[in-house]
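Now for the letters of each chain:
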Amino acid sequence: MTFELRSDSIAFAVARDNFLAGKLQAATQICNQILSAEPENFDALHLLGGIAMRIGNPFRAAELIQSSIELQPGDANAHMNLGRALYQQGKLNEALSAYRQAVKIQHSLSDARQLLEFTRNEIKALDETVRSLDKLAQCPLVSFTRQEYDKRSPDPSTLNRAARLYRHFGYLIIENLFSERFVSELYDYFMSEYSKYFADKVFDDALKVGDKRVMVTVKLKGPFNNPEYYANPLLLPLLARLLGRDLILFSLGGVVSLPGAQSQRTHRDHRPLFEDASVDEMLPSFAVTLGIPLIEMNDINGTTRVYGKTHRAQGELSDNGRKKGVSPVITKGSCMLFDYRLFHEGTPNSSRNVRPLMYNIYARPWFRDCQNYSKQAPMAISDEEFSRIPEQCRHLLLWSRRG
Ligand SMILES: O=C(O)CCC(=O)C(=O)O
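Keep in mind that this is a model prediction, so the values were computed, not measured.

With that settled, consider the domain arrangement of the protein. For the protein, the assigned domains read domain 1 (10–124) and domain 2 (137–401). Here the C-alpha centroids of domain 1 and domain 2 sit 37 Å apart. Opposite the six residues of domain 1 that make contact, domain 2 presents seven residues. A class-by-class count of the residues in the side of domain 1 that touches domain 2 yields three nonpolar, two polar and one charged.

This is how it looks when you write it as structure tokens:
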């Protein structure tokens, strides 16, 4: 992607050359010098926006470019670049308006016309996908391409699709997020370390959540203390879209259903925050569960039945909502993201196997679940294990060290 800029001053020309040569630090320094002498310098602000885009911070980029536009509202390139920054944040409609503005100012700006067309088509295609899944009562799902696995980062189009489907349905199946081998490793470890919970009784440190079903806090340890598991690079950008960039990992645990476990009561993991339909219906997610089955979830082992689009509904599950429940098969390595307010239930385990469903709960930084953790802590990390967490992932867990 190119970043269109223009200016006349010599200092700026040097900054721009540095930017084009990929010397972003030098370009930033010169722009900052220009701005300290002349805080309202359109070009320097605009270029800093371009630099923020290049280093993968479209949020800062949009702020900087927006400030430059306030100084020169008639600059078509700045509007186009604002559109790019908004697009990277998944704000497709806002990006569309910015591209439209760029084309309105300068019709000959062919890049802006192409971006406008591309984004318009993408919005149409997403609307169509949602409509057809609704009509066919199919589960929303996303999968990643080989290139995305290799890059360890999702493409914007995958993110746009995932965010759109999740927001509409309140849940999303993510195919093959983990390798089968990694899940087998988690399974073996869990089965050997947590076997004391594989009994139909009451525990001091685990919550009974149904017939022969118990919710256990899982220590961030062994194969669980792996950023691939709790800060998966293909998943985090989506979570940041859903919960904001300051999201935290609030809880790490598992629900174990024993052979013969009956269906769970239909429930939501947390009530809507305000219990006022006019407010709650509009609110985005405040917490999201990533359900990671360690064996396939299906009709025999049991699965988590979900009631799509109930995440923003008020009150109890309606009869109409109940009819729309689906019981997805979730293969080993795949997982399901679901809103904390979505109605769901674990289905019977008719097999002879213990069925461990791990969960990572991600949340907005201010959210604390005061409903489900009266018996056990949401997180269990020793100082030693914490020291193994890479610096760039610690922000997810710092809250748990603050007491
Ligand atoms: O066991 C399951 O499939 C679902 C468990 C669950 O989501 C819960 O207890 O809230």
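Once the structure has been displayed, the description carries forward.
Let's shift gears to the site of the ligand. Neighbouring the ligand are the residues V209, R213, M215, V255, S257, D269, T304, H344, G346 and L357. Those elements that place two or more of their residues in the shell around the ligand are strand 4 (213–217), strand 5 (248–257) and strand 10 (344–346). Taken together, the residues of the shell around the ligand sort by class into four nonpolar, four polar and two charged.

The next subject is unusual backbone geometry. Despite not being glycine, A137 shows a phi value in the positive range, around 50°. Summarising the element assignment, A137 is placed in the loop between helix 7 (110–136) and strand 1 (141–142). Owing to 11 C-beta atoms within 10 Å, A137 belongs among the exposed residues under this scheme. Here the phi dihedral of E275 falls at roughly 50°; this positive angle occurs in a residue that is not glycine. If you trace the backbone, E275 turns up in the loop between strand 5 and helix 13 (277–280).

The rules behind the values
- Residues numbered from 1 in each chain as written.
- Predicted model: local features only at pLDDT ≥ 70, side-chain atom pairs only at ≥ 80, totals over all residues.
- Domains from an automatic or database assignment.
- Contact = placed C-beta atoms within 7 Å.
- Nonpolar A, V, L, I, M, F, W, Y, C, P; charged D, E, K, R; others polar.
- Near = placed C-beta within 6 Å.
- Helix = DSSP H or I, 4+ residues; strand = E, 2+ residues; numbered from the N terminus.
- Buried ≥ 20, exposed ≤ 12 C-beta atoms within 10 Å, placed from the backbone.

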